[in-house]
Amino acid sequence: MPSPAVIDVAIGAVGMVTALQDSVQSTPDQLSPEHMRLLASIYISLVQVLIHEVRYPADDVYQSMSADEKEQFRCYRQDISDTIVSPIFQNVSRVCCIDYSPHSPPLLQMYTNCLLRETLLLLLKNYVVSLSSALPNVAWQDAESLLYVVCNITEDTMFMRGE
């Protein structure tokens, strides 16, 4: 289980991403593609940390955790997963009537969603390649944390598509 200090830092990072999202959504007409790329860079840096944070602890540590601590860890992992997925799918349903002018807020929102999605997919692909090339010397926790994130993205994608 991550220490309280680590959880506090992760919660602070989640708050920062939420604030950035709110800022982007409240002033989309003031943001350039360069701003969006910077946002994507910050997001991906956070995702790299969060993928590590969803890792299960060593087997002996996990076995020594109480039922309450295991439940807290499960909730912590779910919060992290939601944080990773949220910027990608937030407001996708609003991008339906697009004004195709170059500085259209809905078009910029769609660009941001696509940029974050593509960047995240590239990051996850790189993780898969890295883990695959390190086999069989990969801790099960590393493989499981990547699979956990990918499964949550897949579930949210299927939900957004109505599948």
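Everything discussed here concerns the structure shown above.
Residues numbered from 1 in each chain as written. Predicted model: local features only at pLDDT ≥ 70, side-chain atom pairs only at ≥ 80, totals over all residues. Heavy atoms only, no water.

Draft legend 1. Main features of the overall build of the chain. Counting secondary structure elements, the chain contains six helices and zero strands. Its helices and strands in sequence order give the chain the pattern α-α-α-α-α-α, from N to C terminus. Relative to its full complement of 163 residues, the chain shows a buried share of 35%. For the chain, long-range pairs separated by at least 24 residues make up 72% of all intrachain contacts whose partners lie at least 6 apart in sequence. Entry remark: accessible area of the chain is about 9,600 Å², with carbon and sulfur atoms responsible for 61%. (Helix = DSSP H or I, 4+ residues; strand = E, 2+ residues; numbered from the N terminus. Buried < 20%, exposed > 50% of the residue type's maximum accessible area, 1.4 Å probe, protein only. Contact = heavy atoms within 4.5 Å. Areas by Shrake-Rupley, 256 points an atom, 1.4 Å probe, with all protein chains shown as cover.)

Draft legend 2. A look at the packing of aromatic side chains. By the definition in use, this model includes three aromatic pairs. Ring geometry for Tyr56 against Tyr62: centres 5.1 Å apart, planes inclined by 80°, an arrangement best described as edge-to-face. Tyr56 sits in the partly exposed class, given a relative accessible area of 23%. Looking at Tyr62, the relative accessible area reads 21%, which means it is partly exposed. An angle of 65° between the planes, with centres 5.2 Å apart, marks the rings of Tyr56 and Phe73 as edge-to-face. Within this pair, whereas Tyr56 is found in the loop between α2 (33–53) and α3 (59–64), its partner Phe73 is found in helix α4 (residues 67–89), the two being separated by 17 residues in sequence. (Phe/Tyr/Trp six-rings, centres within 6.5 Å; stacked < 30°, edge-to-face > 60°.)

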